[in-house]
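Reading the structure
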Amino acid sequence: MDIEKNIYYEKFDLKTYLYTKPKVPTEMTLILKRAPLQTSNFKFIVKYYQNGKDINYIEFETNSIEIKV
């Protein structure tokens, strides 16, 4: 979601979206492009970089989630 540009729930390829050098969106949901090979529990590490006043880098690990094939 990017309230400033009136973008709500639109899908973009992540690399293509980042190439546009967007402002930080209000909300972003990341969706897998391919299903895993087998049902399992997964955790993801999200790394975010920006040239900002207060924050230049943030990293966090998601909770474990089961993804079914």
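Quick look at the structure, then. Being a predicted model, the structure only gives us computed values, none of them experimental.

What counts and what doesn't
- Residues numbered from 1 in each chain as written.
- Predicted model: local features only at pLDDT ≥ 70, side-chain atom pairs only at ≥ 80, totals over all residues.
- Heavy atoms only, no water.
- Salt bridge = Lys/Arg side-chain N within 4 Å of Asp/Glu carboxyl O.
- Helix = DSSP H or I, 4+ residues; strand = E, 2+ residues; numbered from the N terminus.
- Buried < 20%, exposed > 50% of the residue type's maximum accessible area, 1.4 Å probe, protein only.
- Phe/Tyr/Trp six-rings, centres within 6.5 Å; stacked < 30°, edge-to-face > 60°.

As a further point, take the pattern of salt bridges. Counted by the stated rule, this structure contains two salt bridges. Measuring nitrogen to oxygen at the nearest pair gives 2.4 Å for the salt bridge that ties Asp13 to Lys33. Here the residue Asp13 occupies a position in the segment before helix H1 (14-19), and Lys33 occupies one in the loop between H1 and strand E1 (40-42), the gap between them amounting to 20 residues. On the basis of relative accessible area, Asp13 is assigned to the partly exposed category, the value being 29%. Glu61 is the partner of Lys43 in a salt bridge, and the nearest nitrogen-oxygen pair spans 3.7 Å. With Lys43 in the loop between E1 and strand E2 (45-49) and Glu61 in strand E3 (residues 57-61), this residue pair connects regions lying 18 residues apart in the sequence.

Here we take up the packing of aromatic side chains. Counted according to the given criterion, the structure contains three aromatic pairs. Ring centres of Phe12 and Tyr17 lie 5.6 Å apart, and the angle between their planes is 35 degrees; on these two criteria the pair is classed as tilted. What makes Tyr17 buried here is its relative accessible area of 13%.

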